Amino acid sequence: MIYLIIIAVLALAILSCTAHNRDTNQESQPLLTLTQELSGGSEQALGELQLFLSNRQEYFNRFEDELYQRGIESSEEVSPEVALVDALVRTKMLVYQDHSSDPADTLVWLNELSEGSLGQSVCYKELEKHYSETEYGLSAFLEAPGYGPSLFDCISGIGYKLLAINEDSDAYALILVAEEKVPNVTKLARDADIPLYFANK
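Residue positions within a chain follow its written sequence, with the count starting from 1. Totals for whole chains, interfaces and linings use all residues, but because this is a predicted model, local features are given only for residues with pLDDT of at least 70 and pairs of side-chain atoms are given and counted only at 80 or more. No hydrogens and no water enter the side-chain calculation; it runs on all heavy atoms of the structure.

Thoughts on the state of the cysteines
Two cysteine sulfur atoms form a disulfide, by the criterion used here, when they sit within 2.5 Å. The tally for this structure, following the rule as stated, stands at one disulfide. Here Cys-123 pairs with Cys-154 through a disulfide, and the sulfurs are 2.0 Å apart. Because the sign of the S-S torsion sets the handedness, a value of about 80° for the bond joining Cys-123 and Cys-154 places this disulfide among the right-handed ones. Here the residue Cys-123 occupies a position in helix H7 (residues 122-133), and Cys-154 occupies one in helix H9 (residues 151-156), the gap between them amounting to 31 residues. Burial classes: relative accessible area under 20% of the type maximum marks a residue as buried, over 50% as exposed, and values in between as partly exposed (1.4 Å probe, protein chains only). Overall, Cys-123 belongs to the partly exposed group, its relative accessible area being 21%. For the purposes of this entry, the term helix denotes a DSSP run of H or I that reaches at least four residues, the term strand denotes a run of E that reaches at least two, and both are numbered from the N terminus.

A few points about the packing of helix H6 (residues 103-113) against H7
At their nearest, the axes of H6 and H7 sit 8 Å apart, and the two run at 155° to each other. When the interaxial angle is binned, H6 and H7 end up roughly antiparallel. For the element pair H6 and H7, the recorded crossing hand is left-handed. Contacts between H6 and H7 involve Pro-103, Ala-104, Leu-107, Val-108 and Asn-111 on the former and, on the latter, Tyr-124, Leu-127, Glu-128 and Tyr-131. Class assignment for the residues of the contact of H6 with H7 results in seven nonpolar, one polar and one charged. Comment: axis = line fitted to C-alpha atoms, over the contacting stretch for helices; angle = value between 0 and 180 degrees taken between N-to-C directions. Relative orientations are named as follows: roughly parallel for angles under 35 degrees, roughly antiparallel for angles over 145 degrees, roughly perpendicular for angles from 65 to 115 degrees, and oblique for any other angle. Crossing chirality is assigned from the near helix's rotation relative to the far helix, an anticlockwise turn below a right angle marking it left-handed and a clockwise turn marking it right-handed. Here, residues are in contact when the closest pair of their heavy atoms is within 4.5 Å. Charged residues are taken to be Asp, Glu, Lys and Arg, nonpolar residues to be Ala, Val, Leu, Ile, Met, Phe, Trp, Tyr, Cys and Pro, and polar residues to be all remaining types, Gly included.

A closer look at the side chain of Glu-48
Relative to the helices and strands, Glu-48 is located in helix H2 (residues 43-54). In contact with Glu-48, other than residues within four places in its own chain, are Tyr-59, Phe-63, Asp-86, Ala-87 and Arg-90.

Comments concerning the nonpolar core
In globular proteins that are soluble, nonpolar side chains generally tend to be buried together. By convention a nonpolar core is built from buried Ala, Val, Leu, Ile, Met, Phe, Trp, Tyr and Cys residues, the set being connected through side-chain atoms within 4.5 Å. Leu-38 and Ile-165 are the most contacted members of the largest nonpolar core, which has 33 residues in total. When residues of this core are traced back to their parent elements, those giving at least two are helix H1 (2-38), H2, helix H3 (56-62), helix H5 (80-90), strand S2 (160-165), strand S3 (171-178) and helix H10 (182-191). Of the residues forming this core, the biggest block, six residues, is contributed by H5. Excluding anything up to four places from it in sequence, Ile-165 contacts Leu-38, Leu-84, Val-85, Leu-88, Leu-94, Ala-173, Ile-175, Ile-194, Pro-195 and Leu-196. Counting residues in hydrophobic clusters, the runner-up holds 22 residues, among them Leu-127, Tyr-131, Ala-140 and Leu-151.

Observations concerning the confidence of the model for the protein
Per residue, pLDDT captures the predictor's confidence, and it can take any value from 0 to 100. Mean pLDDT over the protein: 88, with 86% of residues reaching 70 or higher. Counting contacts from residues 8-24, a segment whose pLDDT is below 50, to residues more than four positions away or on other chains yields zero contacts.

Structural notes on the pattern of salt bridges
When a carboxyl oxygen of Asp or Glu lies within 4 Å of a side-chain nitrogen of Lys or Arg, that pair is called a salt bridge. Under the defined criterion, the tally for this structure stands at seven salt bridges. The shortest N-O distance in the salt bridge between Arg-70 and Glu-167 comes to 2.9 Å. Of the two residues, Arg-70 sits in the loop between helix H4 (64-69) and H5 while Glu-167 sits in the loop between S2 and S3, which places them 97 residues apart along the sequence. We classify Arg-70 as partly exposed; its relative accessible area is 29%. The exposure class of Glu-167 is buried, given its relative accessible area of 7%. The closest approach of N and O atoms between Lys-187 and Asp-191, which form a salt bridge, is 2.8 Å.

Quick notes on the sheet that holds S2
Taken together, the four strands give an open sheet; going across it, the order is S1-S3-S2-S4, and neighbouring strands pair in antiparallel fashion. A strand with exactly one partner marks an edge of an open sheet, and here the two such strands are strand S1 (95-98) and strand S4 (196-197). Here, strands pair whenever DSSP counts at least two bridges between them. Note: S2 against S4, two bridges, orientation antiparallel. Residue pairing in the sheet places Ile-165 in a bridge with Leu-196 of S4. Against the sheet, H5 engages S1, S2 and S3, with an angle of about 130° to S2.

Digging into the packing of aromatic side chains
Any aromatic ring pair is given by two values, namely how distant the centres are and how the planes are angled relative to each other. Only centres within 6.5 Å qualify two rings of Phe, Tyr or Trp (six-membered ring in Trp) as a pair; their planes then separate them into stacked at under 30 degrees, edge-to-face at over 60, and tilted for everything else. Counted by the stated rule, this structure contains seven aromatic pairs. Seen in terms of ring centroids, Tyr-59 and Phe-63 are 5.0 Å apart; in terms of plane orientation they differ by 55°. Their pairing is tilted. Relative accessible area serves as the criterion here: at 0%, Tyr-59 is assigned to the buried category. On the accessibility criterion, Phe-63 (6% relative accessible area) is buried. Here Tyr-197 and Phe-198 contribute two aromatic rings whose centre-to-centre distance is 5.8 Å and whose plane-to-plane angle is 40°, an arrangement assigned as tilted. Pairwise contacts between aromatic rings join Phe-152, Tyr-172, Tyr-197 and Phe-198 into one cluster. Stacked on the ring of Phe-63, the Lys or Arg Arg-90 has its end atom at 3.8 Å from the ring centre. For a Lys NZ or an Arg CZ to count as sitting over a ring, it must be within 6 Å of the ring centre and within 35 degrees of the ring normal.

Spelled out as structure tokens, the structure:
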């Protein structure tokens, strides 16, 4: 009788573990798919997120110095948003700027992110001139509608949408998403619980 009880307990434990792993995989998949989409299929970025999801302590140990610079001192403090942003920064698929950054510098970085497409547009020259003459930081042009030429409109004109990943800091984690991919990216972000800024701009 006791053997039957032991076998039953073991079977329940195995079923519970299997169900937990299945739920974890279902929760992780949108984040991994989002990472793949935003990184252009980078194996490096995908590998970093897989490590974060499978072993957060090992992830923390690997990137400890960079995380300390962010004020993150333990693996429990690393959020999915931070892991995603850092992976995209390391693979040069994201422009990371403080809210007070010089908008002229941000414009240059965004042009590089667009592989030079942004710099070929007429509005780029208008933005370049306006930003070179302003004393305001980047947030004035991202948060205040109608102040000067629109960076959002300029980027939309080359077939991209400017979005930012909300990682709960005062910085902007800026990404460019091809217009045709925006619906899929925003859905994946919702499914992965990754909040985005500027989706309605």
